[in-house]
Amino acid sequence: MIRAIGTLYTDSISRINQKFQTWKYEKDDTLSNPYYYAIFASPTYYNYPVHRNIGSIYYRFSEGISPNEIPYYSQLVEDVSTALTKTYTETPWLIANDENQESGKEGIREDVNTTVTPHVKFSERLNKENVEDPVETDSNENWEVVVRKPVFWTFKSKFSLQFTQNHVSDNWHKGGESNNSLQASSDIEANFNNKQKVTFTNRLEMRLGFQSLQHDEKHKFKTNSDMIRLTNQLGLRAIKHWNYTVTLQSWTQFYHGYKSNDDRVYSDFMSPFESVLSIGMNYELKPKNFTLTATISPLAVHFKYVGRKYLATSFGVDEGKHTNYEYGSTVTINHNWNVFKNVSWNGRIYYFSDYEKTLVEWENTINFKINQLLSSKLFLHTRFDDSVNRNEDNDTFFQFKEWFSLSLDFSF
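In short, a report on the structure. (Residues numbered from 1 in each chain as written. Predicted model: local features only at pLDDT ≥ 70, side-chain atom pairs only at ≥ 80, totals over all residues. Heavy atoms only, no water.)

### With respect to the pairing of strand β6 (residues 179–193)
Piece 1. Here 14 bridges tie strand β5 (residues 153–166) to β6, and the two strands are oriented antiparallel to one another. Along β6, the bridge assignment pairs Asn 166 with Asn 179.
Piece 2. Relative to strand β7 (residues 198–212), β6 runs antiparallel, the two sharing 13 bridges. Paired with Ser 185 across the strands is Arg 207, a residue of β7.
Piece 3. Here β6 folds back onto β7, and the loop between the two strands holds 4 residues, one of which, Lys 195, carries a positive phi near 65°. (Pairing = 2+ DSSP bridges. Helix = DSSP H or I, 4+ residues; strand = E, 2+ residues; numbered from the N terminus.)

Quick look at the structure:
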């Protein structure tokens, strides 16, 4: 009976040994294979890696075993032994225990639990004016502590110069008029973000363009684009994608606005000047190749100022007055979509209502990038404003403006 049990046990051990001899690493046994224990456990000195990689033959000869009788070790054991031996020889200070130490006693690194007291505390270093003085250490090495303030402000600017030329001969069968136009535009941003809760964004947009008209006897040049717009927004983080905001939007123009063969000024700097102060929430969405910001403000104050009194009624101000206040709500949506590699679409939707009159603007700029400096732009501007007076020549509240140009762009 005992001999039969011994035979079965010997056979089992033999099969296990054969399986071990043919074992191959399949990259799925990292957590279950016990041979990894020595690498992931507490840093401990083991005898077998050193014996195997340095003195295995010597130790086995001392036991009377010849080199031909050394058993086969798998590649896994070989790799683990090599890794441990390299640690023992190159970074021995990392080893804190010995496999032969008695339970409950300190390891071979008694200094591991010793408290290290610095000569100079870090808080004391921050109070000194010169933070770059070296800190003395036991190893006589010079260490420099440099304290740099985090940068919360970012600045961005873009400038473009656009030129359009159109020539029509006097005998052109469809008629027409030759003209040249030049437009300069800039977009400057200064934004603050403390990476926690507070944001403060500032954006200044400016556009000014002139075109020549051969048959305008009153003016040699006339503006075809004129705008100054400043947007300031203070935000406080609420939840993901949402901020509480206080927003101030203000806009006017640079130059006089004329009509062909008419000396009357129809608009001017500060005629009108409009400013909207609103309180609400801002939503931000930034998926791939697309950016969207939407500000929803149920409380808003719309201020209008017209410097030229005779233009007051043209811009919704009572006759004989310079100013007007309106209370209502506003929505502003800005988006930027990189449609293709060299094609992008920037848009702005602005809505204000005092629950009696409504102002809606939709601006679209489609950019076609040619190279680093040259690009082409298509600008479409639709506007609805039922606060202005209609006349016999134009009895609709809808307005539309469009231009297409080749531009020279600079970004910083």
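### Remarks on the side chain of Asn 232
Piece 1. Inspection of the secondary structure puts Asn 232 in strand β8 (residues 221–239).
Piece 2. In this structure the side chain of Asn 232 is engaged in a polar contact, spanning 2.7 Å, whose partner is the side chain of Asn 202. (Polar contact = N/O pair within 3.5 Å; in protein donor to acceptor, adjacent residues only side chain to side chain.)

### Things to note about unusual backbone geometry
Piece 1. Following Ser 271, the chain continues to Pro 272 via a peptide bond in cis, the omega torsion being 5°.
Piece 2. Assignment of secondary structure puts Pro 272 in the loop between β9 (242–252) and β10 (273–285).
Piece 3. The backbone phi angle of His 241 is positive, close to 75°, even though this residue is not glycine.
Piece 4. Within the secondary structure, His 241 sits in the loop between β8 and β9.
Piece 5. At Met 270, a position not held by glycine, the phi torsion is positive, near 65°.

### A word on empty space enclosed by the protein
One water molecule sets the probe size; rolling that probe over the atoms shows where empty space is left.
Piece 1. Inspection of the entire model under this criterion finds 1 cavity of 30 Å³ or more.
Piece 2. As a volume, the largest cavity reaches approximately 80 Å³.
Piece 3. For the largest cavity, the full set of lining residues is Glu 274, His 302, Lys 304, Glu 326, Phe 352, Asp 354, Lys 357, Thr 358, Leu 359, Arg 383, Asp 385 and Ser 387.
Piece 4. At the level of elements, β11 (290–305), β14 (358–369) and β15 (374–385) are the ones that each hand at least two residues to the lining of the largest cavity. (1 Å grid on protein atoms, 1.4 Å probe; cavity = no way out; pocket = protein on both sides within 12 Å on 5 of 7 lines; lining within 4 Å. Points joined across faces, edges and corners; volume = space filled by probe spheres on them.)

### Section: the side chain of Asp 354
Piece 1. The topology assignment puts Asp 354 in the loop between β13 (343–353) and β14.
Piece 2. Within the structure, Asp 354 has its side chain in polar contact with the backbone nitrogen of Glu 356 (distance 3.0 Å).
Piece 3. Here Lys 357 takes part through its backbone nitrogen, which lies 2.7 Å from a polar atom of the side chain of Asp 354.

### Topic: the packing of aromatic side chains
Piece 1. Following the criterion strictly, the structure yields 12 aromatic pairs and no others.
Piece 2. Ring centres 5.8 Å apart and planes at 80° place the aromatic pair Phe 152 and Phe 192 in the edge-to-face group. Taken as a pair, Phe 152 in the loop between β4 (143–144) and β5 and Phe 192 in strand β6 lie far apart in primary sequence, 40 residues in all.
Piece 3. Ring centres of Trp 153 and Phe 192 lie 5.4 Å apart, and the angle between their planes is 55°; this geometry places the pair in the tilted category. Of this pair, Trp 153 sits in strand β5 while Phe 192 sits in strand β6, and the two are 39 residues apart along the sequence.
Piece 4. Since its relative accessible area comes to 38%, Trp 153 is described here as partly exposed.
Piece 5. What links up through ring pairs into an aromatic cluster is the set Phe 152, Trp 153, Phe 155, Phe 192 and Phe 200. (Phe/Tyr/Trp six-rings, centres within 6.5 Å; stacked < 30°, edge-to-face > 60°. Buried < 20%, exposed > 50% of the residue type's maximum accessible area, 1.4 Å probe, protein only.)

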